[in-house]
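# Examination of the molecular architecture
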Amino acid sequence: MVTETQDGEIVINQPAGHVENGESLQQAVIRETLEESGWQVEPEAILGMYAFTPFTGADTYHRVCFICKPIHQVDMALDEDIIESNWLTKDDIVARKQRSPLIMQCINDYERGQSLAIDGINNRHIFPS
């Protein structure tokens, strides 16, 4: 989990971010997790796809959550928006302010054994011909 500031409050979140042009979802997961947590990971499966609208009139956020295998921690500076990165128990997560309800939804889905095959992602057309 990463600790970050949102609207002046300290919250926790899973590493997250955006996909850059020419980057696959898997590459974005690897890059964003490294930048925000200092951990190199290997995406193994898709946990699920989620949508969240924080309040009426707000943009809807779409999340593709991955199940990853941790490879190793890298000694590096984290993104400037990140306060710290920690492994937390579920009880620790429940006890802290979370950035969105998707955090617990993803954890609960993982505990139920939900997963989708990662080979369902087609990256063949990232680069125009």
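Note that residues are indexed from 1 along each chain, following the sequence as it is written. Residues qualify for local features only when their pLDDT is at least 70, as the model is predicted, and side-chain atom pairs are given and counted only at 80 or more; totals for whole chains, interfaces and linings, by contrast, use all residues. With hydrogens and water stripped out, all remaining heavy atoms of the structure feed into the side-chain values.

## Some words on the sheet that holds strand β1 (residues 2–6)
Taken together, three strands build an open sheet; the order of strands is β2-β1-β5 and the sheet is antiparallel. Edge positions in the sheet fall to β2 (9–13) and β5 (82–85), since each of these pairs with one other strand and no more. Sheet twist, expressed as the mean angle between neighbouring strand axes with direction ignored, is 30 degrees. Two elements, β1 and β2, share five bridges in a ladder whose sense is antiparallel. Bridged to T3 within β2 is I12. Paired strands, in this sense, are two strands between which DSSP finds at least two bridges. In this description a helix means any DSSP run of H or I spanning at least four residues, a strand means any run of E spanning at least two, and both kinds are numbered starting from the N terminus. Axis definition: a line fit to C-alpha positions, over the contact stretch in the case of helices; interaxial angles, taken between N-to-C directions, run 0 to 180 degrees.

## Some thoughts on the sheet that holds strand β4 (residues 61–73)
With antiparallel pairing, three strands are arranged side by side in an open sheet as β4-β3-β6. Each edge of the sheet is formed by a strand with only one pairing partner; in this case those strands are β4 and β6 (116–117). Of the strand pairs in this sheet, strand β3 (residues 39–52) and β4 are connected by twelve bridges, and their pairing is antiparallel. From the neighbouring strand, F52 faces β4, where its bridge partner is Y61. Contacts are assigned to residue pairs that have any heavy atoms within 4.5 Å of one another. Relative to the sheet, helix α1 (residues 25–37) contacts β3 and β4, its axis offset from that of β3 by approximately 105 degrees. On top of the sheet, helix α3 (residues 102–111) reaches β3 and β4; it is set at about 110 degrees to β3, its chief contact.

## Some thoughts on the nonpolar core
One broad rule of soluble globular proteins: the nonpolar side chains tend to lie buried together. Take the buried residues of types Ala, Val, Leu, Ile, Met, Phe, Trp, Tyr and Cys, join any two whose side-chain atoms come within 4.5 Å, and each joined set is a nonpolar core. Per-residue accessibility, obtained with a 1.4 Å probe over protein chains only, is compared with the maximum for each type, and a residue is labelled buried under 20%, exposed over 50%, and partly exposed between these values. Membership of the largest hydrophobic core is limited to eight residues, which are A45, L47, Y50, F52, C65, I67, L102 and C106. Contributing elements (two or more residues each) for this core: β3, β4 and α3. Per-element accounting of this core gives the leading share, four residues, to β3. Setting aside chain neighbours within four positions, we find F52 in contact with D59, T60, Y61, S100, P101 and L102.

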